[in-house]
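# Observations on chain architecture
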Amino acid sequence: MTLTVAIPRIEIAPGSHLTIPNVSWVDFISLLEELGEKRHSRLAYYQGRLEIMAPLALHEKPNRLITDIVKAILECQERDWEDFGSTTLKQPPLAGIEPDSCFYIQNASQMREYKNLDLNQSPPPDLAIECDLSSKTVIDAYQAIGVPEVWIYSNNQLQIYLYSEQGYLESNQSQIFPDLAVMSMIPQLIQKAYQVGTRQMLGELKAQLK
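Notes on the structure in this doc start here. (Residues numbered from 1 in each chain as written. Predicted model: local features only at pLDDT ≥ 70, side-chain atom pairs only at ≥ 80, totals over all residues. Heavy atoms only, no water.)

Next up on the list: unusual backbone geometry. Cis geometry marks the peptide bond from proline 92 to proline 93, where omega comes out at -5°. We note that glutamine 47 has phi near 45°; this positive angle belongs to a residue other than glycine. Examined against the element boundaries, glutamine 47 turns out to sit in the loop between β2 (42–46) and β3 (49–54). The backbone of glutamate 78 shows a phi angle near 55°, a positive value even though the residue is not glycine. Here glutamate 78 falls in the exposed class, since its relative accessible area comes to 74%. (Helix = DSSP H or I, 4+ residues; strand = E, 2+ residues; numbered from the N terminus. Buried < 20%, exposed > 50% of the residue type's maximum accessible area, 1.4 Å probe, protein only.)

See the structure below:
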């Protein structure tokens, strides 16, 4: 017996994910519209494979801390950025992904006036950040979209992936911040924020960078 259930009615527990095969691009776009933006789940789509993820609430704080750290570094380096948050990145009909956070840095000036992101008219974000998430669907989707650098933070460790046409290459050095050891620096700063508070951590970081 085959049981058919509308995807929007499916509920998954926080911290879990569900993979659904044979989903068309049209159905993926319709699902995005039906679910709307005010939801806790996140979607990843690649070549007909849909993944629905329900992050734990505690995963949100590391994400916010990392975005604060990235902004603090860029500010001290006097570099522009545009924060596009968890905007859905789409490369029809192949891939779609909702990062925890994403930034335009090298292309920040080009993206200042954009309100609705269209990757047919603009480059992909320079940096995407994921917390406690490393599924193949997610990595494949980023590869199809061509995001130059992806950070995955999990278990107090930061992994850095750099784009290549053959697939992402794991690196111990960021191309965006080549002069900083961000792979060790980010986990240390997150732990410091838990100990002394975010304001003090960011203040000490800015003082150090200046």
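Moving on to helix α2 (residues 60–76). Its 17 residues place the ends of α2 25 Å apart at the C-alpha level, agreeing with the 24 Å of an ideal helix rising 1.5 Å per residue. Every buried residue of α2 is listed here: Pro62, Asn63, Leu65, Ile66, Thr67, Ile69, Val70, Ala72, Ile73, Leu74 and Cys76. Buried residues in α2 make contact with β7 (101–104), β8 (127–131), β9 (149–154), α5 (182–196) and α6 (198–209). (Expected span 1.5 Å × (residues − 1). Contact = heavy atoms within 4.5 Å.)

Turning our attention to the state of the cysteines. Tallied over the full model, the rule gives zero disulfides. Not engaged in a disulfide, the cysteine cysteine 102 finds its nearest cysteine sulfur in cysteine 131; these two sulfurs lie 13 Å apart. The class of cysteine 102 is buried, set by a relative accessible area of 0%. Taking the relative accessible area as the measure of exposure, cysteine 131 reaches 4% and is therefore buried. (Disulfide = S-S within 2.5 Å.)

Spatial strand order, β1-β3-β2-β6-β5: five strands in an open sheet with antiparallel pairing. The sheet is open, and its two edges are formed by β1 (16–20) and β5 (89–91), each paired on a single side. Geometrically, the sheet is characterised by an average inter-axis angle of 15° between neighbouring strands, direction not taken into account. Across five bridges, the pairing between β1 and β3 is antiparallel. Counted as the bridge partner of leucine 18 is isoleucine 52 from β3. The strands that helix α1 (residues 25–35) touches are β2, β3, β5 and β6 (95–97); relative to β2, the one it contacts most, it runs at about 170°. (Pairing = 2+ DSSP bridges. Axes fitted to C-alpha atoms, helices over the stretch in contact; angles between N-to-C directions.)

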